[in-house]
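# Inside the fold
Read off the chains here:
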Amino acid sequence: MDEFRLYDSELTADEIFVLSRPPWHIEAEGYSANNGVQEGDAEDAGAGGYIGWKDNESWAEYTINVESAGLHKLELRVASNGGDGSINIVSDGEYLRSVHVGDTGGWQTWETKTVYVDFATTGTNTLRLEFDVPSKGLNLNWLTYVAISAPVAIKVGSEPEQMMRYGLDFERLWYWEGSGLGPVPDWCVNDCNIDYIRCAVNAGYELNEASAPGDENSYKLNAYTSRIIPMMAAMQNANPNIKWFASPRPLAEAVSSASWQPYPIWITGATTYTSGNYDFDPIKCAQYLIRYLRLMKDYGFKISYLDLTNEWQANDGSSSGRITQADARDIVEYMKAYIENPPEPGSDPTDPTGFYASNYPVLESGDMPSTVAASSWEFAQGVSWIQNLDTERRRDAIDIASSHNTNRDDGSGSEQGFADQARATLGADTEVWQTELHGWKNKHGADEVNSFDHFMRAVRGGFSGINGWLALGGSSQGHTYLWHTSSEVTRGVKYFIFKKLSNTSNYGYYLDADEPVEFSNTMALIRDNLLTVWINNASTSAQFVEIDLSGHVLDGDIRYTKWNEDLDWKGVEGKPIYSTGRVP
């Protein structure tokens, strides 16, 4: 089978379908031949007669005129009292489709069932309705059929591109408190298939520099034990294999008046919390991060990925005093040298108080996380920073190239521009992450179905690792997957879309796919033998779609899930019509 067509029920303008002409209407009692049918008077709008079936041998045939071969929408007006049967649709002897008819509430309680079929030829056609009624029968009042427009074609490539990994962002924990949090870890790390949780390196732990024995009181453990450690413990207890991506949290989370900076001022070089003048010290930063890794190791957490900058980068030669390419090199080289050859207790420059030597485990080979940078505010800034990694030592310091899309819609760079620059500078196999994906909003901030476009743009642009910003928030926070109000946590549409995405493509690969102008975006992903095609139709016109998988061998069932603002938050699942054969 080379292709299938994705239509099972009529969708709204936010999804895929459109009609083209008034339908042909056929009264059920207007059959040309039948076996075993009974007739009666319909108590339904338009009155008229109906036909009913009493056994599985019953059928009725109708002579119809197919004006154009191809897709047609059929509607059948049915009623059943406790039934659980189906109607098989056969055209000129060829099976096309089955329609399930369950209990409608009574023999005269009518419902309209919609189905899409593909008529192979034009002209006079014998349409047979065959009835499978294992328990009670069913009634039919009328049926209609109408041709619909040709589908929009999408061809899916067969060459895997970047490998995908997904995460959830718990760097800010404003709403990790109170009751109702019990199911959250399972929802995040078991029900979703993700690689990592983003967590915070909290400047509040070391607001003041500890420089000598006796200064260990400067370490404020409550900065971690109040919320960060409990969150991490809950997630890791739910899934011991979850990885941790640590990112330096803005200082303003610990000191409300602080200017934007991700480290304490004795590292950034600011003279006061409100000062905007910086003189960053990479060695003090490296020592600070080593202490962080040792603290996390003591609590049983291995940090797999470490963000160095979190929107606080600058190019060499800049007067801003922020983290430059040379600073990143010095931080990473110091950390690696320390782990490879740890100093003796008492002569450890990262432990001036001696407190760590007696309280926290040493770092060993394998404890060095993969380094992530620049996590810039926008793509253009990220491109500039990455392309100025102009020596081998600077390039070697960065394992994963990263950017945010906070400033995403004013032309300041693009997803593909950043990904292309990252791989041109650091190598074709470099992982490229969007470490804060903004723009995909929940119901409190935007249409969470159509704003998924921002995620699709990142994948199509070449990003391989993606986490949205702020997984858990409040009822008015527009970014969140989960919102915590009073005593419960609610999962939104955004969560269920992400759940489907992560369970079908985490550790899978992106495949190139056509991007027709009728849709705002498309993408295709494959993991092992599971291929998924994502289509976002943000226009006011409904569309059909035909997906060409001629580069793949199909083996097994095909299903779809659809979302719009009017459907159940979990989405609605079904089976498509195939261009050949019957639906399994």
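Residues numbered from 1 in each chain as written. Predicted model: local features only at pLDDT ≥ 70, side-chain atom pairs only at ≥ 80, totals over all residues. Heavy atoms only, no water.

### Thoughts on the sheet that holds strand 23 (residues 482-485)
Strand order in the open sheet formed by three strands is 22-23-24, and the pairing between neighbours is mixed. Strands with a single pairing partner mark the edges of an open sheet, and in this sheet they are strand 22 (472-473) and strand 24 (488-491). Bridge count for strand 22 against strand 23 is two bridges, and the pairing is parallel. Paired with Leu472 across the strands is Leu482, a residue of strand 23. (Pairing = 2+ DSSP bridges. Helix = DSSP H or I, 4+ residues; strand = E, 2+ residues; numbered from the N terminus.)

### Regarding a negative patch on the surface
Taken together, the side chains of Glu159, Glu161, Asp512 and Asp514 make up a negatively charged region of the molecular surface. Note on placement: Glu161 falls in the loop between strand 13 (152-155) and strand 14 (165-169). (Patch = residues over 30% accessible without salt bridge, like charges linked within 9 Å, V, L, I, M, F, W, Y side chains within 5 Å. Areas by Shrake-Rupley, 256 points an atom, 1.4 Å probe, with all protein chains shown as cover. Salt bridge = Lys/Arg side-chain N within 4 Å of Asp/Glu carboxyl O. Lys, Arg positive; Asp, Glu negative; His and termini not counted. Charge placed at Lys NZ, Arg CZ, Asp CG, Glu CD.)

### Observations concerning the sheet that holds strand 19 (residues 400-404)
Working definition: the strands of a sheet are paired by backbone hydrogen bonds and lie parallel or antiparallel to each other. The strand order around the closed barrel formed by eight strands is 14-15-16-17-18-19-20-21, and the pairing between neighbours is parallel. Ignoring strand direction, the axes of neighbouring strands in this sheet form an average angle of 25 degrees. Where strand 14 and strand 15 (residues 196-201) come together, three bridges link them in parallel fashion. Bridge pairing in strand 15 links Leu168 to Ile197. (Axes fitted to C-alpha atoms, helices over the stretch in contact; angles between N-to-C directions.)

### Remarks on the packing of aromatic side chains
Evaluation of the coordinates by the stated rule reveals 37 aromatic pairs. With 5.7 Å between their ring centres and 85 degrees between their planes, Tyr263 and Tyr288 make a pair best called edge-to-face. Residue Tyr263 is found in the loop between strand 16 (243-248) and helix 4 (265-268), and its partner Tyr288 is found in helix 5 (residues 282-298); the two are separated by 25 residues along the sequence. Judged by its relative accessible area of 0%, Tyr263 falls in the buried class. (Phe/Tyr/Trp six-rings, centres within 6.5 Å; stacked < 30°, edge-to-face > 60°. Buried < 20%, exposed > 50% of the residue type's maximum accessible area, 1.4 Å probe, protein only.)

### Section: the pairing of strand 23
Where strand 23 and strand 24 come together, four bridges link them in antiparallel fashion. Of the residues in strand 24, the one forming a bridge with His484 is Val489. Where strand 23 folds back onto strand 24 in an antiparallel hairpin, the turn is made up of two residues, including Ser486, whose phi is positive at roughly 45 degrees.

### Some thoughts on the confidence of the model for the chain
Residue-level pLDDT values for the chain average 90, and 94% of them are 70 or greater. Of the regions scoring below 50 in pLDDT, residues 1-21 engages in 105 contacts with residues more than four places distant in sequence or in other chains. Across residues 579-584 the pLDDT falls below 50, and counting only partners more than four positions away or on other chains, this stretch makes 15 contacts in the model. (pLDDT = per-residue confidence, 0-100. Contact = heavy atoms within 4.5 Å.)

### Remarks on helix 11 (residues 453-461)
Of all nine residues in helix 11, seven are buried; the element is thus mostly enclosed. Those residues of helix 11 not exposed but buried are Asp453, His454, Phe455, Met456, Ala458, Val459 and Gly461. Positive backbone phi, approximately 115 degrees, marks Gly462, located one or two places after helix 11.

### Re the pattern of salt bridges
Side chains bearing opposite charge may pair, as long as their charged atoms lie close to each other. The tally for this structure, following the rule as stated, stands at 29 salt bridges. The partner of Glu61 in a salt bridge is Arg128, with the nearest N and O atoms 2.8 Å apart. Of this pair, Glu61 sits in strand 6 (residues 59-66) while Arg128 sits in strand 11 (residues 123-132), placing them 67 residues apart in sequence. Take Glu61: its relative accessible area is 17%, and that puts it in the buried class. Of the charged contacts, one joins Arg294 and Asp348 as a salt bridge, the two residues approaching to 3.6 Å between their closest N and O atoms. Taken together, the positions of Arg294 in helix 5 and Asp348 in the loop between helix 6 (325-340) and helix 7 (355-359) put the pair 54 residues apart, joining distant regions of the chain. The exposure class of Arg294 is buried, given its relative accessible area of 3%. With relative accessibility at 10%, the residue Asp348 sits in the buried group. Through salt bridges with shared partners, a single ionic network connects Asp169, Glu171, Arg172, Arg198, Arg249, Glu253 and Glu436.

### With respect to the environment of Glu94
Turning to its location among the elements, Glu94 is positioned in strand 9 (residues 94-101). Using a relative accessible area of 45% as the deciding quantity, one classes Glu94 as partly exposed. Measuring from C-alpha to C-alpha, the distance between Glu94 and Gln108 comes to 31 Å, with 14 residues separating the pair along the chain.

### Digging into the environment of Pro262
Residue position: Pro262 is located in the loop between strand 16 and helix 4. Accessibility expressed as a relative area gives 1% for Pro262, which makes it buried. For the pair formed by Pro262 and Ser412, sequence separation is 150 residues and the distance between their alpha carbons is 23 Å. What Pro262 contacts, discounting residues up to four positions off in sequence, is Pro248, Arg249, Pro250, Leu251, Thr309 and Trp312.

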